[in-house]
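Results of the structural survey
Chain by chain, the residues run as shown.
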Amino acid sequence: NAGVMQNPRHLVRRRGQEARLRCSPMKGHSHVYWYRQLPEEGLKFMVYLQKENIIDESGMPKERFSAEFPKEGPSILRIQQVVRGDSAAYFCASSPGTSGSLSEQFFGPGTRLTVL
Amino acid sequence: KNEVEQSPQNLTAQEGEFITINCSYSVGISALHWLQQHPGGGIVSLFMLSSGKKKHGRLIATINIQEKHSSLHITASHPRDSAVYICAVSSTANNNDMRFGAGTRLTVKP
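This write-up is about the structure you can find in this document. All of these numbers come straight from a predicted model, not from anything done at the bench. (Residues numbered from 1 in each chain as written. Chains lettered and ligands numbered in written order. Predicted model: local features only at pLDDT ≥ 70, side-chain atom pairs only at ≥ 80, totals over all residues. Heavy atoms only, no water.)

Here we come to the overall build of chain B. Looking only at helices and strands, one finds zero helices and 11 strands in chain B. Ordered by position from the N terminus, the helices and strands of chain B form the series β-β-β-β-β-β-β-β-β-β-β. Taking 110 residues into account, the globule formula puts the C-alpha radius of gyration at 13 Å, and chain B, at 13 Å, falls close to it. Looking at the 110 residues of chain B, the share that counts as buried comes to 45%. Sequence-distant contacts in chain B: of pairs separated by 6 or more residues, those separated by 24 or more amount to 54%. Carbon and sulfur atoms form 49% of the exposed surface of chain B, whose accessible area is close to 5200 Å². (Helix = DSSP H or I, 4+ residues; strand = E, 2+ residues; numbered from the N terminus. Rg over C-alpha atoms; globule rule 2.2 N^0.38 Å. Buried < 20%, exposed > 50% of the residue type's maximum accessible area, 1.4 Å probe, protein only. Contact = heavy atoms within 4.5 Å. Areas by Shrake-Rupley, 256 points an atom, 1.4 Å probe, with all protein chains shown as cover.)

Structure, rendered in structure tokens:
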């Protein structure tokens, strides 16, 4: 049973480009969470999705960021017109249930985004 | 001031030493979590606490709800325990709204 997969592991973009980060949850998991870890800072919750639904996006910046989790395929976190401040590690976690508890969440290895 | 504060930020210990990492929080919580982040970036959940104490192998986590404080202890520390340990709380207002501490970087030397 493969764990949570994220790709790419490292992504380099120039200012103004788009970044697409992918997360494939563990088999049987239908809940996905995205977190951002800025350099020298703690993790911050961004968004919680179920298949085809955004449940909670209270941690997502209002502009340039969007997330989806289609019926088929991975969850995508999209950042449009990236700026240097978007450079961070982006972690995805998946869970089987609706409790929202971190103890039920399995984390992926993260995508490290660098904006030049 | 962050809602979740951890201390120390960095900790270096000799193999075999007893380790304590502290976490204080200022919001109402439904649960407190301890996570471990390995040097490669992988994150695993160690404990979820809402009261009292939990033990798993050489790891012990305690929480004092009245004092809004939790500690993570590692007994007989080993170099493989070297990692960043993160305290996180689930807000009572929104279970999905996790607040994370900045982490404690532990290095255990052989």
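This next bit is on the overall build of chain A. Counting its regular elements, chain A contains zero helices and 11 strands. Along chain A, helices (α) and strands (β) appear in the sequence β-β-β-β-β-β-β-β-β-β-β when read from the amino end. A compact globule built from 116 residues should have a C-alpha radius of gyration of about 13 Å, and chain A, at 13 Å, falls within 12% of that. Here the C-alpha coordinates of chain A stretch approximately 35 × 25 × 25 Å along the principal axes.

Another aspect to go through is the environment of isoleucine 21 of chain B. Along the chain, isoleucine 21 of chain B turns up in strand 3 (residues 19-25). For the pair isoleucine 21 of chain B and alanine 61 of chain B, spaced 40 residues apart in the sequence, the C-alpha separation amounts to 9.6 Å.

The subject of this paragraph is the packing of aromatic side chains. Under the defined criterion, the tally for this structure stands at four aromatic pairs over all chains. Taking 5.5 Å as the distance between ring centres and 85° as the angle between the ring planes, the aromatic pair formed by tyrosine 35 of chain A and phenylalanine 100 of chain B counts as edge-to-face. In this pair, tyrosine 35 of chain A sits in strand 4 (residues 31-37) while phenylalanine 100 of chain B sits in strand 10 (residues 98-100), so the two residues belong to two different chains. By relative accessible area, which is 10% here, phenylalanine 100 of chain B ends up buried. Aromatic ring contacts, followed pair by pair, group Tyr35, Phe45 and Phe107 of chain A together with Phe100 of chain B into a single cluster. (Phe/Tyr/Trp six-rings, centres within 6.5 Å; stacked < 30°, edge-to-face > 60°.)

Backbone torsion omega between asparagine 7 of chain A and proline 8 of chain A reads -5°, so that peptide bond is classified as cis. Geometrically, the link from serine 7 of chain B to proline 8 of chain B is a cis peptide bond, its omega value of -10° lying close to zero. As for its position among the elements, proline 8 of chain B is in the loop between strand 1 (4-7) and strand 2 (10-14). At glutamate 52 of chain A, a residue that is not glycine, the phi angle is positive and equals roughly 65°. Residue classification places glutamate 52 of chain A among the exposed positions, given a relative accessible area of 55%. Residues other than glycine seldom take positive phi values, yet glutamine 81 of chain A does so here, at roughly 45°.

Looking now at the pairing of strand 4 (residues 29-37) of chain B. All names here are of chain B. Across the nine residues of strand 4, eight count as buried, placing the element largely inside the fold. As judged from the eight bridges shared by strand 4 and strand 9 (residues 83-91), these two strands associate in the antiparallel manner. When the bridges of strand 9 are listed, glutamine 36 appears paired with tyrosine 85. Strand direction decides the pairing type here: strand 4 and strand 5 (residues 43-49), joined by six bridges, are antiparallel. Within strand 5, the position partnered with glutamine 37 by the bridge is isoleucine 43. Between strand 4 and strand 5, which pair antiparallel and follow one another directly, the connecting turn spans five residues, one of which, glycine 41, has a positive phi of 110°. (Pairing = 2+ DSSP bridges.)

On inspection of all chains with the given rule, the structure shows two disulfides over all chains. Disulfide pairing places cysteine 23 of chain A opposite cysteine 92 of chain A at an S-S distance of 1.7 Å. For the disulfide bridge between cysteine 23 of chain A and cysteine 92 of chain A, the dihedral angle about the S-S bond is near -45°, and by the sign convention the bridge is left-handed. Within this pair, whereas cysteine 23 of chain A is found in strand 3 (residues 19-24), its partner cysteine 92 of chain A is found in strand 9 (residues 88-95), the two being separated by 69 residues in sequence. Given a relative accessible area of 0%, cysteine 23 of chain A falls into the buried group. Paired through a disulfide, cysteine 23 of chain B and cysteine 87 of chain B show a sulfur-sulfur distance of 2.0 Å. A torsion of -65° about the S-S bond marks the disulfide between cysteine 23 of chain B and cysteine 87 of chain B as left-handed. (Disulfide = S-S within 2.5 Å.)

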